[in-house]
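# Overview (structure and organization)
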Amino acid sequence: MNAVETRARAAKATGRKLLVPYVTGGVTENWTDLLRAAVDAGADAIEIGLPFSDPTLDGPVVQQSSHQALSRGATTRQILDDVSRLGLPVPLIAFTYANLVLHGGADQFCAALADAGVGGLIVPDLPVDEMEPVATAAADTKLDLVLLASPATTPHRRTEIAKRSRGFIYAVSVMATTGEQSQLGQAGQQLVTSLRQATDLPVVLGFGISGPRQAAEACGYADGVAVGSALMRRVLDGAGAAELGDFLGEFRTALDRTTR
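Residues numbered from 1 in each chain as written. Predicted model: local features only at pLDDT ≥ 70, side-chain atom pairs only at ≥ 80, totals over all residues. Heavy atoms only, no water.

In the annotation of an unreviewed UniProt entry, the protein is listed under the name Tryptophan synthase alpha chain and assigned to Micromonospora luteifusca. Under the heading Function (unreviewed entry), UniProt records this for the protein: "The alpha subunit is responsible for the aldol cleavage of indoleglycerol phosphate to indole and glyceraldehyde 3-phosphate." We quote the UniProt Pathway (unreviewed entry) comment for the protein here in full: "Amino-acid biosynthesis; L-tryptophan biosynthesis; L-tryptophan from chorismate: step 5/5." (UniProt positions renumbered as here; feature names shortened; annotations may be inferred.)

Moving on: the packing of helix H11 (residues 229–236) against helix H12 (residues 241–258). The N-to-C vectors of H11 and H12 enclose an angle of 155 degrees; their axes lie 10 Å apart at closest approach. Considered as vectors, H11 and H12 are oriented roughly antiparallel to each other. Note that H11 runs across H12; the crossing there is right-handed. Contacts between H11 and H12 pair Ala230, Leu231, Arg234 and Val235 from the former with Leu244, Phe247 and Leu248 from the latter. (Axes fitted to C-alpha atoms, helices over the stretch in contact; angles between N-to-C directions. Helix = DSSP H or I, 4+ residues; strand = E, 2+ residues; numbered from the N terminus. Parallel < 35°, antiparallel > 145°, perpendicular 65-115°, else oblique. Left-handed = near helix turned anticlockwise from the far one by under 90°. Contact = heavy atoms within 4.5 Å.)

Moving on to the UniProt feature "active site" (unreviewed entry) in the protein. Following the UniProt record, the feature "active site" (unreviewed entry) maps to Glu47 and Asp58 here. When you line up the elements, Glu47 lands in strand S2 (residues 46–49). On the basis of relative accessibility, which here comes to 2%, the residue Glu47 falls in the buried class. Here Asp58 is to be found in the loop between S2 and helix H3 (60–71). (Buried < 20%, exposed > 50% of the residue type's maximum accessible area, 1.4 Å probe, protein only.)

And the structure:
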């Protein structure tokens, strides 16, 4: 097993709920301080968004954070250079789109991630039946390619995703772009339940996790949560690393209570 899956399975085995925050690479001058704060707050892995000009699955908050990063001159190379100097004790997962992965070749892209110390990759617009070049490149470089399933995913494709995902399975709570939701619907719970029947991999719920209460609710049936827009909104509003760490600490406390 590679780094992401090793960490995820170890957490599941002990009953620890996974906390997977998302940070857009290059969003602020000292953006890597946000990663350190996430580690200190109890993150089990961190998604690093590699900014892309047409982020089709992202809602307005994450789109704005990507635009801000690109406006600051952030590039994939610069972000990976920053990451390579960190040596964080939790796995890092690159989150980006197929255009960036495939433009110069999946082999080269995955090798660059691995060289920077990244342990996983999420490509939300990569269909499972078109994933082979990326899956092969990821396996060759010991990256865990995390696949997504949504409430609209057919039972057959859910089974295929459950079989082919590595690290964990990313369950999308709603048929919508990323963004905070006032409440979690039943579709996400039903999706998680069906995926857990098809695999022993941890299943992490994302899209719409807005606060600690929702995170705890989601972890009543999921193995963890991914949190993105709620964090990036605060960063865009001027929150620094300490404030973001405090907010994530509330998530960690809420998730730990679900295991008691």
